[in-house]
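What the coordinates show
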Amino acid sequence: MNSDVVLQLALQGFLMGGVYGLIALGLSLIFGVMKVINFAHGEMMVFAMFLSITLLLWGGLDPYLSLVIVAAVMFGVGYGIQRVFVNRILELPEAMQVLVLVGLGIIFENGTLMIWGGSDFSPKTSLALSSFRWGPVTVDVPRLIAFILAIVITLMVLLFLKKTNIGKSIRAAADNRYGALIIGAHINRIYGICFGIGAACVGAAGALLVPLMPAKATMGAPYTMVSFVIVILGGMGSLIGALIGGLIIGVAESLSTVFLPSSMKQVVSFTIMIVILLFKPQGLFGGKG
Amino acid sequence: MKEEQVKPQGIDRRTFLKTSAAVGAVTAITGFPAIVRSQPKEIIIGSIQPVTGPLPDIGISMQRGNKLAADEINAKGGIKSLGGAKIKLLLGDNEAKEEVGRLVAERFLKDGAVCLVGPFLSGVAMAIATLAEQRNIPFVIDVAALDAITAKGYKNVFRCFPKTEYFMTSLGRYLDQIIKEKKVTIKRIALTNAGDAFGRGQGAAFLKYVKDHKLPFEIVEHIEYPLGVKDLSAEVTKIKAAKPDLLCPVARPGDAKLLIRELYKQRVELMGIISPGSPGWYEPEFVKDMDKLAYYVLDNVPWVNPKSSKFQDANNRFEKLYPGKYLDTNSGYAYTGVMVIADALERAKSTDPAALREALRKTNYKDHPMVGGPVVFDEKGDNINATAAMVQVLPDPNMDDRVKVVLPKEAAQAPYVFPWKQLWDRG
C-alpha cells in the first residue's frame, strides 16, 4: 500500500467526516439541552434525503439549493415532534424515553417506505460525477462541497448559540432548566426550537448526501448508530466535540480499509467507542461527565 | 359539537339481535362458514421474497413474477386435474434475513401451504430448506445460487436457478470466447463481492474456478463489503491502486450504483466490467439511474430468452401490469418457479406433499421463458439444464430495451462490445 493511496483514503474519510459531524451535531445539541437521545435521528435524515430527491425530481431543484427548504421543513417537523411527543417524556425514566423515540424512528422509516417505496434512489444531480486531480489525490467534488457546507452550517449553529438571544436562552436552559424557567425563559418554546435546529442539521446533512449515495428508506438505523458513536467520542452535548468526533470516525473508517477487510469497517468505530468509554467516559470534549 | 355525534360506543341490544339474526339466516342459506364442497378448493402456496430490507427492488420484482404465474394459471382455469382448483399465493416478506424467512415459512405452513417458493437469498434459502425438510413440505427455490443449499441432498428442496458451479462453467466458456474473439490479453483481475451468503459463495467460487482451471489471471485485489454498504470510495481507491485490467464484481443494486460512480469519479481505467454473475447490473432502476455509465457492463447471468414465445407472452403482461419494468432473470425465474409447481400439481393430481414431491422429482418442464433447456431436477434437486447467458447494457433510445443478450450466439440480440469505452469518455 503506497502513501498516495493512504493519503487518498484519509482525504475521503476526512471529507465524509464533516458530514458525519453535521449529523451528530443535531444529536448532540438535542441531548445537551434536553438530555434526550434522539433515536429517530438516522431515520429523520433519510426522510430529509427523500424530501430533497422529491424536490429534485419534481422541481429540478439541485440538492445544494433545496437544502435550505429541506432544513426549514425539518425544523418544523422537529419543532412539532418536540412539542407533541418529546416534551411529554422529558421527566420520564430514560428507558421510557428510548421507547418513544425508537417508535418515532419506526414511524419515520415506514412513512418513508409508504410514500417513496423501498427502492434505491440515485437521481442524476449536476455535480454528482465531478472530481478533479489535486497533486497525488483525486478530490470528489460533491464530497468536498458536502464537507464545506457541513462545516459552515456547524459554525453557523455555534455562532447562533453564542450570539443570539434565543441561542443564549438555549444554553441557559441546557445549563439549568429551573434556573432558566425562574428568569422567565419560555422553556417549552426553547426546547422546541432546539429540537428543530437538531432536525434541521440532520435534514441539511441528508440533502448533502443525495449526490453521494443512493437513498433507501431503510438505511437510517446505521446513521443513528454512527452519530451516537460520534457523540460519545466527542462528548455528550459538546457541539465542537461532535464535529471533531465526526472527522475522527470518518478518517478512521476510511483508513481502516488499509489493514482490515471492508466488511469490518464498523468494527473500528465501535472499538474507538469502547476505548473512549473505558478510559475517558465523558468523551474528548465532554465537561464533567 | 352536535349532540347526535356523542353516542355511546359499542352495540346496543337491538342492533345485536338484528345483526345476529341476519348472520344466522345468511349462514343457514349459504352454508357458510361450513366447508363448501362443490366449489373447487384453493391450493395454498407460500411465496417468500425480500420485499423490504436492503433488496426491495429485487424482492418486489420477484413477488410480481410469482404472482404473474399464479394469476396466469388461475385465469386459465386453475389446476385441471384437481377440478380447476385455484392457486392461492400467500405473499411473504423475508426482509433479507434468515430468521425472518424461516418464521414466515413456518407461518405459511401453519396456514396450510402445500409448497413454498422463494426466496432470492441463499442464506434465507438455507434457513427455509432446513424447515421444509423437517416438515416434509416441498420447497421450490426460484432464485438462490449457493451450492451448499442443495449439497446436503434434502429430499424436499428443488432449485430452478443454476447453482454457483454452473455459473462458473458458463463464465469460463464466455471469457475464453471473448478473449479469443477480441484478441485481448487480460492478466490482472480485481474481484469484489458483497458479504452475504451468495456474495461470498460466488466470490469464492470464482477464485476457485480460476485456481482449479489454472487460468492465466492474477487476482490482484479481492474486496468484500457488507450488504447495503453506502460508501465504496475507499474500496475503489484500493482497486485503482491494484491497476486491474478487468473488474469482476459480485454486486447488488445499491452497491453497483455506488461502484460505477466511484470508478468514474476516481478515473479507474479498465478494459471493462464482467460480473461473474450477480444482480445489480441489469435492473431497470440501474439502467435508468446510471444511464450512459451503465453501458457495456457484461454480466454472466441466467436470463430470459428474448426469442422464446413464452417470454414474449409473459413479459407483455408484466410490462402492462408494471409500466417501466420488464421480466429479468429474477422475476423470470420467480415466474418459472410457480409454473413448475403448478405443472407438478397437475401431474400429482393431489396436494399431498409426498405426491407433490414425487411429481416435482419427475419434472420435465419445457415451456419456460429462460435461456437453457427444460427444467429437470437431479437427485439433489438441482436443475441440470439451468445456465447463464452473457448480457450487456447497450445504447438504445428505449430504456427498456437496453439490456441485451450477447452470448451465447444462438440467443444473442446484438454483438457485444469489449473492451469498453472508459466511463468518462462517453459524452
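One numbering rule holds for all chains: residues counted from 1, following each sequence as written. Chains and ligands are labelled by the order in which they are written, letters from A for the one and numbers from 1 for the other. A pLDDT threshold of at least 70 governs which residues receive local features in this predicted model, and a stricter bar of 80 or more applies before side-chain atom pairs are shown or counted, although totals over entire chains, interfaces and linings include all residues.

**Looking at the interface of chain A and chain B**
- We call two residues in contact if the C-beta atoms placed from their backbones are at most 7 Å apart. Listed per partner, the contact involves 27 residues of chain A and 30 residues of chain B.
- Only DSSP runs of H or I covering at least 4 residues are called helices, and only runs of E covering at least 2 are called strands; the numbering of each starts at the N terminus. Contributing elements (two or more residues each) for the side of chain A that touches chain B: α1 (3–34) and β2 (137–140) of chain A.
- Broken down by element, the residue count for the side of chain A that touches chain B peaks at five residues, all from α1(A).
- Across the side of chain A that touches chain B, the residue classes tally to eleven nonpolar, 13 polar and three charged. Residue classes follow a fixed rule: Ala, Val, Leu, Ile, Met, Phe, Trp, Tyr, Cys and Pro count as nonpolar, while Asp, Glu, Lys and Arg count as charged, and any other residue, Gly among them, counts as polar.

**A short note on the domain arrangement of chain B**
All names here are of chain B.
- What marks off one domain from the next here is an automatic or database domain assignment. Taken as a whole, chain B is organised into domain 1 (42–162 + 307–361) and domain 2 (165–301 + 394–425).
- Computed from C-alpha atoms alone, the centre-to-centre distance between domain 1 and domain 2 is 29 Å.
- The partner domain 2 presents 20 residues to the 18 residues of domain 1 that form the contact.

**Quick notes on the sheet that holds strand β1 (residues 42–49) of chain B**
All names here are of chain B.
- Strands are labelled as partners when DSSP assigns at least two bridges between them. Pairing within the open sheet is parallel, and its five strands lie in the order β2-β1-β3-β4-β5. Edge positions in the sheet fall to β2 (86–93) and β5 (157–159), since each has one partner strand and no second. Adjacent strand axes in the sheet meet at a mean angle of 25 degrees, parallel and antiparallel pairs treated alike.
- Pairing analysis gives three bridges linking strand β3 (residues 115–118) to strand β4 (residues 139–141), with the strands arranged parallel. The partner of Gly-118 across the bridge, within β4, is Ile-141. Axes here refer to lines fitted to C-alpha atoms; in helices the fit is confined to the stretch in contact. Angles between the N-to-C directions go from 0 to 180 degrees.

**Re the packing of helix α2 (residues 41–59) of chain A against helix α3 (residues 63–89) of chain A**
Residue and element names in this part refer to chain A.
- The N-to-C vectors of α2 and α3 enclose an angle of 130 degrees; their axes lie 9 Å apart at closest approach. One way to sum up the angle between α2 and α3 is to call them oblique. Crossing handedness for the pair α2 and α3: right-handed. Counted together, Met-44, Ala-48, Leu-51, Ser-52, Leu-55 and Leu-56 of α2 and Pro-63, Ser-66, Ile-69, Val-70, Val-73 and Met-74 of α3 form the full contact between these two elements.
- The class makeup of the residues in the contact of α2 with α3 is ten nonpolar, two polar and no charged. Roughly parallel means an angle under 35 degrees; roughly antiparallel means over 145; roughly perpendicular covers 65 to 115; every other angle is labelled oblique. Should the near helix be turned anticlockwise from the far one by less than a right angle, the crossing is termed left-handed; should it be turned clockwise, right-handed.

**As for the nonpolar core**
- Definition of nonpolar core: a set of buried Ala, Val, Leu, Ile, Met, Phe, Trp, Tyr and Cys residues joined via C-beta atoms within 7 Å. Counting other C-beta atoms within 10 Å of its own, a residue is labelled buried from 20 upward, exposed at 12 or fewer, and partly exposed in the gap between, with every C-beta atom placed from the backbone. Ranked by size, the top nonpolar core spans 218 residues in total, and within it Val19(A), Cys194(A), Ala204(A), Ala205(A) and Leu116(B) carry the most contacts.
- Composition of this core by domain shows at least three residues from each of domain 1 (42–162 + 307–361) and domain 2 (165–301 + 394–425) of chain B.
- Beyond its immediate sequence surroundings of up to four residues, Leu116(B) is in contact with Gly46(B), Ile48(B), Ala105(B), Phe108(B), Ile128(B), Ala132(B), Ile137(B) and Phe139(B).

**Digging into the pairing of strand β9 (residues 272–275) of chain B**
All names here are of chain B.
- Where burial is concerned, the two faces of β9 agree: the one with Gly-272 and Ile-274 and the one with Ile-273 and Ser-275 are both buried.
- With the strands aimed away from the viewer, a crossover counts as right-handed if its path from the first strand over the helix to the second runs clockwise. Once the chain exits strand β8 (residues 246–250) it traverses helix α9 (residues 253–265) before rejoining the sheet at β9, and the crossover so formed is right-handed.
- Two strands pair when backbone bridges link them, and β9 and strand β10 (residues 298–301) are joined in this way by two bridges, in the parallel orientation. Each residue of the ladder has a partner; that of Ser-275, found in β10, is Asp-299.
- Once the chain exits β9 it traverses helix α10 (residues 284–290) before rejoining the sheet at β10, and the crossover so formed is right-handed.

**Considerations on the sheet that holds strand β6 (residues 188–194) of chain B**
Residue and element names in this part refer to chain B.
- The sheet built from seven strands is open, its strands ordered β7-β6-β8-β9-β10-β11-β12 with mixed pairing. Each edge of the sheet is formed by a strand with only one pairing partner; in this case those strands are β7 (218–225) and β12 (403–407). Adjacent strand axes in the sheet meet at a mean angle of 25 degrees when their direction is disregarded.
- Pairing of β8 with β9 involves two bridges; the strand directions are parallel. Paired with Leu-247 across the bridge in β9 is Ile-273.
- Most of the contacts of helix α7 (residues 197–212) go to β6, to which it runs at about 155 degrees, and overall it touches β6, β7 and β8.
- Helix-sheet contacts for helix α8 (residues 233–242) involve β6, β7 and β8, and the interaxial angle to β7 is about 180 degrees.

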